[in-house]
Amino acid sequence: MNAAVHPDLTRLRALWVAPETVAVPVTMVPANASAETATWWLAWSPSGALDVTRAEPSRARLAFAGPVDPALVRAHPELAGYLAVRLDPATVARVPQILTAQAAISSYGPDGALADACGVQLALVLDVLYARTAAVGAYGPRVHDGAVTYRVWAPTAQDVRLLTWPASSPPDLPVGSATRTPMARQEDGSWTATTGRPGDRYLYDVTVFVPATGRVERNLVTDPCSTGLTLNSTRSVAVDLRDPAYMPAVWTVTPSPPLARAVDSSIYELHVRDFSIGDPSIPSTHRGTYLAFADSGEGAAHLRALAEAGLNTVHLLPTFDIATLEEDRSKQATPQHAGCPDLTVLPPDSAQQQACLTAIGPRDGFNWGYDPYHWGVPEGSYASTPTAADGGTRVEEFRTMVGALHRMGLRVVLDQVFNHTTTSGQEPTSVLDRIVPGYYYRLDPLGKVYASTCCPNIATEHVMAEKIMVDTVVRWARDYKVDGFRFDLMGFHTKANMIAVRAALDALTMEADGVDGRSMYVYGEGWNFGEVADGALFTQACQGNLGGTGIGTFSDRLRDAVRGGGVDDGKPRVQGFGSGAFTDPNGDAVNADAEATLARDTDLVMLGLAGGLRTFTFTSTSGSAVRGDAVDYGGHPAAYADEPDEVVTYVDAHDNETLWDALTYKLPVATSMADRIRMNTLALATTALAQTPSFWHAGADLLRSKSFDRNSYDSGDWFNTLSWSGSDNGFGHGLPLYAENGSTWPVLQPLLANVALKPTAEEVQHASALARDLLRLRYSTPLFRLGSAELVNAKVSFPVSGTADAHPGVIVLRVDDTVGPDIDPHLRGLLVVLNATPSTVEQHVPGLAGVDLRLSPVQAAGADEVVRASAWAPGTATLTVPARTAAVFVH
């Protein structure tokens, strides 16, 4: 061997793409040869003891076959530039056996000297060999006739054994006490065994070669398709989800509230623990748990009030099994147990609060939960007791929550995180990689796991990764009766993945499954970044790619235009349409070009109100007629949707600063509390009155603050306070955690110290009443939810935009029901006026002279006394609308 060659078989630079073909990088061609004259070998070792510097007894010569087939490159762009080497027929017949061993590719020059050697990525060949058959049927435990059949897919395993413990046994019995049952390997690469009873605890004992360690490992691992788990997920539990013992009455007898169309959705994003951890009106044992939703607490009363006003959906942050939470609540760290001072008496601009929360963050009971461990089992820390977290009781309590929300008239959306897991490889909380090493994760050209999402990226473009994604979603829909799904970083999934999810849900029927899958709304984060960006590896499920699917994506266009700037631009004082740009300057130099900024933001808000449709044509603020997809947003089309249900309109979510904190950053410091509340309401109006599904972060209606924490995923209950009474909106809880927010501390400190910026409970409740009126407006007429691009394009216009009479900071939207089909037999049309300026405006509206307009009855009898001063003069077609007001006129 050449002394300069250093073979590293842990670098998986070759890709086995089909039983007969391996793709190798051109860098493996010897320097003193061409690809054609080089000698290529495949070697393998069941014991994991390969030594490519000698002639291995298990090896086969490969034939050079030229560049990788162009059709294969089109399907897998990562293969561009690779060369193909071919196995002989006799070796092809042995491929299933070879795949259970350590495998390596080596190249030699004409002189017989080793030029290079590397390990091999196996995902593509595993899909070719096994996926069509392996993707059929269910995995995990299946109960039938009192017995349990276990099935796990482990095509590269050399052996799999099932370890079981009786249902009544403690969850921490030693491994040696388990009953060991050999599992039978099937032709599709799965392993099966039938034994035991429902409720048994179990693990898989998988013997498998692991490229990252270079050894054959014995992995004791839980089931990735678990239906139940013990406390802290140490073992799987064979829970029968059809067992009546886990079906509470409120869940079985309460139907899911109907939703005619996805565009009718109004969504409230809520964290299970936030909902009740600080609610003194419910039993302490239920605070922060699933069961709190069935209690008559302050949170339930608030949700009922929102539902009565029109809210129809609660979106729950992750509720699957989370890897980073201690499930025994008695062992969760608290500020008191950590010796922290009383946080409530510390100065509002102090750094002491965040220091305490930083110290205990990894050990407390709070986390947003974007740390998947087991996708198909409810999180145990939200169970009422450690005993309830064990086995099927957490299933029962989760279903109680779903039934309680349905009883309030609210549908339930679950947050799904299939784009990454918390760990991979041989880490203790790694499950998938310890069963089929390297298959489920997206690997770079060296075989290392991409982590652009934050953590190890799941490759749902692989067949069995898609299967676990689709099967898990179906389980939550059918076996838990939830009503929709939000996909985290959906742009890391393929469009085909999401179409498969949609098709699987559509196949669920009331008659066969007890749920109507077609009524379930699917939406997600269609962001475009990372190794998959711009279609580098596949057609992504991202903004602009999902036309005609009925799958929604969050729109950052209206969000940024209303708030001002971008959420990651490092300029938190940039003002937008809803925070005073140009009309109410805050004096910061970042707003030097405020007039142009306001014009651009106004166009983006108008497009958002009209559904974000690429085909929507309107007159921009510049006076030019323009299509939605011709309006610029950071170098991309501002409008990208084919239909209005493909856009989710929002101005804040759990990510980034809350709406209230953003407004506190951006509005002039001297702005009165009454005016701040009006701007909060106006911002929410841009979502509630849009022709799309509307989305609010829980507490946006309550002026919720996180003390400016822009990423509160591990900031504890203190910075994630959600007070339903309004007694503490969360502002002034000290400087936010330094790691995520330290660069802005100099700006934040004087704001947090300003007691005039913290609302009273009465002011919070007034804001909440104003927000409920927005929901009533949304559902007062179907004209706010026309439901199709055809109707929006025909009926929606902005008659003032681009005219000489237009006022900067004012938007007038018209829905004309005299055009096309009659959508609302009670009305001929409506006008929405958004006056984001600090002054009353008198606005002429072309084309409406003589029309009898009146303030919507909702606002005429609503909580906002100011809006009642709005007026319409039909003779001059002039509207009068107070400052910082969203007004709706009907005729």
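Each value, and the rule that gives it
- Each chain carries its own residue numbering, running from 1 in the written order of its sequence.
- In keeping with the model being predicted, local features are shown solely for residues with a pLDDT of at least 70 and side-chain atom pairs are shown and tallied solely at 80 or more, while totals for entire chains, interfaces and linings include all residues.
- Hydrogens and water molecules were not included; the side-chain quantities draw on all heavy atoms of the structure.
- By definition, disulfides here are pairs of cysteine sulfur atoms that lie within 2.5 Å.
- In this text, helices come from DSSP runs of H or I with a minimum length of four residues, and strands from runs of E with a minimum of two, each type numbered from the N-terminal end.
- The rule is simple: take the accessible area with a 1.4 Å probe, protein chains only, and divide by the maximum for that residue type; under 20% is buried, over 50% is exposed, in between is partly exposed.
- DSSP-based pairing: two strands are paired if at least 2 bridges between them are found.
- Angular values range over 0 to 180 degrees, each being the angle between N-to-C directions of two axes fitted as lines to C-alpha atoms, with helices fitted over their stretch in contact.
- When checking whether two residues touch, look at their non-hydrogen atoms; a contact exists if any pair is within 4.5 Å.

Here's the deal with the state of the cysteines
Then, in step 1: Overall, the coordinates contain 2 disulfides when judged by the stated rule.
Then, in step 2: Here Cys340 pairs with Cys356 through a disulfide, and the sulfurs are 1.9 Å apart. Handedness of the Cys340-Cys356 disulfide follows from its S-S torsion of about 95°: it is right-handed. Pair noted here: Cys340 is in the loop between strand E20 (320-322) and helix H8 (352-360) and Cys356 is in helix H8, with a separation of 16 residues, a long-range link. Just as Cys340 is buried, Cys356 falls in that class too.
Then, in step 3: Residue pairing for Cys454: its cysteine sulfur links by disulfide to Cys455, the two sulfurs lying 2.4 Å apart. One quick way to see it: the torsion about the S-S bond of Cys454 and Cys455 is about -100°, and its sign makes the bridge left-handed.

Quick look at the pairing of strand E24 (residues 521-524)
Then, in step 1: Of the two faces of E24, both are covered, the one formed by Tyr521 and Tyr523 as well as the one formed by Val522 and Gly524.
Then, in step 2: By the bridge criterion, 4 bridges tie strand E23 (residues 484-487) to E24 in an arrangement that is parallel. Each bridged residue has a counterpart across the sheet, and for Phe487 the counterpart in E24 is Gly524.
Then, in step 3: Summarising the sheet, E24 and strand E25 (residues 552-554) pair through 2 bridges and their orientation is parallel. Bridge assignment links Gly524 to a residue of E25, and that residue is Thr553.

Notes on the sheet that holds E23
Then, in step 1: As summarised here, the arrangement of the 8 strands in space is E18-E19-E22-E23-E24-E25-E30-E31, forming a closed barrel in which the pairing is parallel. Each strand axis lies, on average, 30° off the axis of its neighbour in the sheet, ignoring direction.
Then, in step 2: Bridge count for strand E30 (residues 647-650) against strand E31 (residues 694-697) is 2 bridges, and the pairing is parallel. Its bridge partner lying in E31, Tyr650 is registered against Phe695.
Then, in step 3: The strands touched by helix H20 (residues 761-778) are strand E18 (266-270) and E31; relative to E31, the strand with the most contacts, the crossing angle is about 165°.

A short note on the side chain of Thr781
Then, in step 1: Along the chain, the position of Thr781 falls in the loop between H20 and helix H21 (789-795).
Then, in step 2: Look past the residues within four positions of Thr781 in its chain and what remains in contact with it is Asp824, Leu827 and Leu830.

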